[in-house]
Amino acid sequence: MTRRGSTPRRWPLAVAALVGDPRARSRVHRAALGVRDVLTNALVAAERPAVAGQVVDAVDLAGSLFDPAGARVIADELESLALADVLVVASPTLRASYSGLLKALLDHAPAGLLTPVVAVPVMLGASPRHALAVELQLRPLLTELGASVPGRGLALLESDVDTGVHRTAIHRWLPGVIPDLVGLLDARRRLGERYGAGRTPPTTSRAAYD
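Below is a summary of the structure that appears in this document. Given the structure is predicted, the values throughout are model-derived calculations rather than measurements.

1. Some thoughts on the sheet that holds strand E1 (residues 13-19)
Then step 1. Taken in spatial order, the five strands line up as E2-E1-E3-E4-E5 in an open sheet, and their pairing is parallel. Because the sheet does not close on itself, it has two edges, and the strands there are strand E2 (50-57) and strand E5 (154-157). The mean angle between the axes of side-by-side strands here comes to 20 degrees, regardless of whether they run parallel or antiparallel.
Then step 2. With seven bridges connecting them, strand E3 (residues 86-92) and strand E4 (residues 118-125) associate as parallel partners. Residue Val86 lies in a different strand from E4, and its bridge partner there is Val118.
Then step 3. Sheet strands touched by helix H5 (residues 133-144): E3, E4 and E5. Its angle to E4, the strand with the most contacts, is close to 145 degrees.

2. Regarding the side chain of Thr93
Then step 1. Inspection of the secondary structure assignment puts Thr93 in the loop between E3 and helix H4 (100-106).
Then step 2. Other than its neighbours up to four places away in sequence, Thr93 contacts Met123, Leu124, Gly125, His130 and Ala133.

About the thresholds
- Residues numbered from 1 in each chain as written.
- Predicted model: local features only at pLDDT ≥ 70, side-chain atom pairs only at ≥ 80, totals over all residues.
- Heavy atoms only, no water.
- Pairing = 2+ DSSP bridges.
- Helix = DSSP H or I, 4+ residues; strand = E, 2+ residues; numbered from the N terminus.
- Axes fitted to C-alpha atoms, helices over the stretch in contact; angles between N-to-C directions.
- Contact = heavy atoms within 4.5 Å.

Scope: geometric values only; no functional claims are made or implied.
This is the structure we're talking about:
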């Protein structure tokens, strides 16, 4: 049973993450996981069943980015991210922008790759002076690929991830994002049901539920 006005879900929403840090299992990776898990729990609390999905760490793909033999591997990873309902995209702030590694990966993305996705940009910086980069740099990249981006992106301090204070920052940011996020997801589902364009659940473990 669902409440009046709520949208029935045929399968859980997948909340996935893409990490664009050239350092493996970094602060950015930890922050992306934290945001993914908080968003997943918030959707469940809003009666939108959701599961924490796969995490793609771009550094694991670095060896394939400029190797023609790795093109299929890159394409498969990008296609799996496009199966997510919500995609957290996280990057360090380098020279007042997102990382070159993230750009190199997304340069392989076909036009409109993220059109089915609601994306949440997250950037980590060494100083509060870097906080604008998430809105001025990363948000435009995601919208160029077709993603819908609700609310404001999340800027975190690297030092806060070291101490765990970033969790407080995530929960402080969440109320400004979750209403728009839920609204976008509901609108997409209603349009899909109306026009028969809704996506079917992934059938392989390589999908966004990984």
